[in-house]
Amino acid sequence: MSLTREAFFRWMVTHRRSVAAIGALVIGGAGSRATLVPIDYAIEQFFPPSGVERDTFDEYKEHFAKEDGQFVLFWEAEDGPSIRLCQDLGRAARLFEEVGLEDVQWFGGVEVTETGALDGGASLAVYRLCDEAAVSDSTVRDRVERHRADVLLTGFLWNAEQTVFALHGYLPPDLKTDQKRREVEEALTESLASLGIDGAAATLAGVPVYRSRIPKMLQLDQTLFLGGGFLVFFGILFYFFRHIGHVSLCLVSVLPAYLCTLALMGAAGRSITVLTSFIPIIVLVVGVSDAIHLLARYRHSRNVFSDNEGAIVDTFSRLSVACLYTSATTAIGFLSLVGTRITIVMEFGIFTAVAIMLTYVFSMTLLPALLGFSSRRASDERGLTPGWILKIVDAAVGVPRQRARAAVLLFALVSLGCVTIGSTLRVNTFLLDDMGPNSPVMRDLARIEASGFGLFQVNIFLRGTEGDVLHDPAMLRWMASFEDFARGEAVVVNATGLADVLAELRRAWVDDEPGALPESPEEAAELLLLAQISGNDGVEDVYLQDEGVAQVILTVRDEGSVSMLPFIVRLEQYLADYPPPFGTAAVTGTVQLAQTFSEQLVRSFGPSLMLAILLVFGVMTHMFRSVRLGALAVVPNLFPLLVIMGAMKLAGVDLKPSTILVFSIAFGLAVDDTMHFLSRLRESLAAGIDMGTAVEDALRDTGPPILMTSLAVSGGFLLLAASQFQILVLVGVMTAVSTVAAVAADMFALPSLIAVLSRSTSGRDA
């Protein structure tokens, strides 16, 4: 035992009042800063920071920025359009405008132009589809029915059956901040609730709605995880140690790590995301895991040493190095996520690693100082080793002595089975992928898509060339052909572009022939001028003539990457095989970027995890000064990863950016108990004890804390099952499953493997 470590911990205990005062100041200061960290659910966090596709997306957003600011009210009207519907939607439209939304569009506010005959000649009639004061129900139905097949309106203002009608409004640029977005959403939700809807169902949706409501759900989860986590861990620790003071001190020593991590996030200008929201559970799990080993050793030492200070110094001097390595290996597992190059995942990995190391720092400074205030009498050991723990430890001790080869073979077969089952795991990512299917947001989305609408877009960004205009008939014909191709795709709800707008303008103003395109650039320019004079703002949604850019909007369903990625590939192949007559065309938009880089994240995670395994192997080899022990520490900890693969397949869980994080968490946590076991084994071997006895001593010494920490880890992560977010539920359940697998590997597979290798070596030596 290092005299330097002894001196350090003795100083901590001697100056415990000063250390405790500093800890209180840290908790207070960090806590005040932690409350100021905002919550953000922006999907852009899953985007890469750079690259050709990101550059295209950013350029596209500079010209067409309305999508991410769109509020949509979907109104079910089973009896179709009527005066009552006009009145209700008219009131809702005024509410949209009152809260600051712009370009409010609905079927009652749409002006249409139709040709007719007057005195033997042609005439044009411009009118609203719904005039609340001057028309009857039958007139409204007739007018809307005549435009049922209008591609500019169907799938946008009503569904094909005309049983659901949509009201659109857009945030102006000055309201596109988290605070303003939330204020608008809350004001609009409250105002709509006052409408008193009878016999109709209204659903408010859109990207800004989700970006306002989901952070509130995250805040509720944060409260649950932090408060509930402390209660769960307090209950588990008290069950084992039956000492309120010791348990409370352990939990108090963990709290500063989380608060300091939040304070660092705030100082770095970072927000709490759906991933970093469960750092509290990880901090508690890591802190409690170390605390259990420390408290178990302290309780033992307290009955050996005559003074409390001696017991604390002995405990922390013996375990500080092992705890350092367990914290470092766990942190490495999370730091490996930096290799994904996805901002939200990188931040999660970095700040979790920081939190883990801060947990170690406070466990080695604040906890020994706090224990210094503990009672001087010896601790009651009756609650330390419940009967069921002793039975499991006895069983674990017997396996390497009597059935070592059978145990190794059994684990090998289970591993092979999990690999076989898990190798068929499917990769599938949805845009709204983090909430359970029964959450209000997902139920609303399912209802919206079932009615024939979509909330998400794939965009074809068109750039013109100097000397050519995008309203040239050749380009318009290409757009129309592309839209026909896109409409044939199952995921596409609607396709809209400049060709549709000009065809509709020509139908209304020229010859009433549906779908006919302008025959010359001059005719197209005249139609665009007429649209501008008549106040038709729809053109600017798809074409900015002065800037030489246009877009084709493909409204799509959120059917997952299994459908979406092949669809995007087919779009890109079409553009390659049939390029526009001039200029460029690129697939872009939120859907394309999110799906493409989610797939890249999943693909890059394998190498990232392998890097983590190699780094952990290097750390353990350095710790034990033995390549053999380093390899032994890694091999059984691959078992929980294989079990997760098999369990995910059997449970029907797909691989996606959220679920693959379970592998990093599981590997980092599984290694901790392995290192404590091997560290104790190494001590026994260094004392000259034979391998068989050393394995038994290590199991009996570290077995109870391993089982205790496993129960704490499982209980803590199962708390995530109460979350409103599917990602957190999956992380919680799968981590609990991996923890059980890790216990089996540490207490049965690893000792058996050591026994088999030891006997093989002895046989060769003989």
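Everything numeric here is computed off the predicted structure, so don't read it as measured data.

**Focus on the overall build of the chain**
Part 1 of the reasoning: Looking only at helices and strands, the chain features 25 helices and eleven strands.
Part 2 of the reasoning: Referenced to the eigenvectors of the C-alpha coordinate spread, the extents of the chain come out at roughly 115 × 55 × 45 Å.
Part 3 of the reasoning: The burial tally for the chain puts 57% of its 766 residues in the buried class.
Part 4 of the reasoning: Excluding contacts between residues fewer than 6 apart, the proportion of contacts in the chain whose partners are at least 24 apart in sequence is 79%.
Part 5 of the reasoning: As displayed, the chain has an accessible area near 30,500 Å², and 58% of this comes from carbon and sulfur atoms.

**Brief notes about the packing of helix α7 (residues 207–241) against helix α9 (residues 279–302)**
Part 1 of the reasoning: Where α7 meets α9, the axes come as close as 11 Å, and the angle between the chain directions of the two elements is 15°. By the angle between their directions, the pair α7 and α9 is classed as roughly parallel. Of the two possible hands of crossing, α7 and α9 adopt the one that is right-handed. Where α7 abuts α9, its residues Gln 222, Phe 225, Leu 226, Gly 229, Phe 230, Phe 233, Leu 237 and Phe 241 lie against Pro 280, Ile 281, Leu 284, Val 285, Val 288, Ile 292, Leu 295, Ala 296 and Arg 299.
Part 2 of the reasoning: Here the contact of α7 with α9 is composed, by residue class, of 14 nonpolar, two polar and one charged.

**So, the pairing of strand β10 (residues 549–556)**
Within a regular strand, the side chains alternate between the two sheet faces.
Part 1 of the reasoning: Most of β10 sits out of view: eight of its eight residues are buried.
Part 2 of the reasoning: A two-sided burial pattern is seen for β10, the buried positions comprising Val 549, Gln 551, Ile 553 and Thr 555 on one face and Ala 550, Val 552, Leu 554 and Val 556 on the other.
Part 3 of the reasoning: As defined by bridge partners, strand β7 (residues 456–463) adjoins β10 across eight bridges and the pair is classed as antiparallel. Within β10, the position partnered with Leu 462 by the bridge is Ala 550.
Part 4 of the reasoning: Note: strand β8 (residues 492–496) against β10, four bridges, orientation antiparallel. Residue pairing for β10: Asn 494 is matched across the bridge by Thr 555.

**Some points on the packing of aromatic side chains**
Part 1 of the reasoning: Overall, the coordinates contain 18 aromatic pairs when judged by the stated rule.
Part 2 of the reasoning: Their ring planes at 85° and their centres at 5.8 Å tell us that Phe 334 and Phe 348 sit as a pair that is edge-to-face. Here the residue Phe 334 occupies a position in helix α10 (residues 308–335), and Phe 348 occupies one in helix α11 (residues 343–371), the gap between them amounting to 14 residues.
Part 3 of the reasoning: Taking 5.0 Å as the distance between ring centres and 45° as the angle between the ring planes, the aromatic pair formed by Tyr 574 and Tyr 578 counts as tilted.
Part 4 of the reasoning: Joined through ring pairs, the aromatic side chains of Trp 478, Phe 482, Phe 485, Tyr 574 and Tyr 578 make up one cluster.
Part 5 of the reasoning: Across the ring face of Phe 373, the terminal group of Arg 16 is positioned such that the distance to the ring centre comes to 5.5 Å.
Part 6 of the reasoning: The ring centre of Tyr 170 lies 3.9 Å from the NZ or CZ of Lys 66, which sits over that ring.

**So, the environment of Phe 165**
Part 1 of the reasoning: Within the secondary structure layout, Phe 165 lies in strand β5 (residues 164–170).
Part 2 of the reasoning: Counting along the chain gives 76 residues from Phe 165 to Leu 89, while the straight-line C-alpha distance between them is 8.9 Å.

**Quick word on the sheet that holds strand β6 (residues 202–205)**
Part 1 of the reasoning: The strand order β2-β5-β1-β6 describes an open sheet built from four strands, whose pairing is antiparallel. Edge positions in the open sheet fall to β2 (102–105) and β6, since each of these has one partner strand only. When strand polarity is set aside, the average angle formed by the axes of neighbouring strands in this sheet is 15°.
Part 2 of the reasoning: Across seven bridges, the pairing between strand β1 (residues 70–76) and β5 is antiparallel. The residue of β5 that forms the bridge with Gln 70 is Tyr 170.
Part 3 of the reasoning: Relative to β5, helix α4 (residues 83–98) is tilted by about 15°, and along the sheet it contacts β1, β2, β5 and β6.
Part 4 of the reasoning: The strands touched by helix α6 (residues 178–193) are β1 and β6; relative to β1, the strand with the most contacts, the crossing angle is about 20°.

What counts, and at which threshold
- Residues numbered from 1 in each chain as written.
- Predicted model: local features only at pLDDT ≥ 70, side-chain atom pairs only at ≥ 80, totals over all residues.
- Heavy atoms only, no water.
- Helix = DSSP H or I, 4+ residues; strand = E, 2+ residues; numbered from the N terminus.
- Buried < 20%, exposed > 50% of the residue type's maximum accessible area, 1.4 Å probe, protein only.
- Contact = heavy atoms within 4.5 Å.
- Areas by Shrake-Rupley, 256 points an atom, 1.4 Å probe, with all protein chains shown as cover.
- Axes fitted to C-alpha atoms, helices over the stretch in contact; angles between N-to-C directions.
- Parallel < 35°, antiparallel > 145°, perpendicular 65-115°, else oblique.
- Left-handed = near helix turned anticlockwise from the far one by under 90°.
- Nonpolar A, V, L, I, M, F, W, Y, C, P; charged D, E, K, R; others polar.
- Pairing = 2+ DSSP bridges.
- Phe/Tyr/Trp six-rings, centres within 6.5 Å; stacked < 30°, edge-to-face > 60°.
- Lys NZ or Arg CZ within 6 Å of the ring centre and 35° of its normal.

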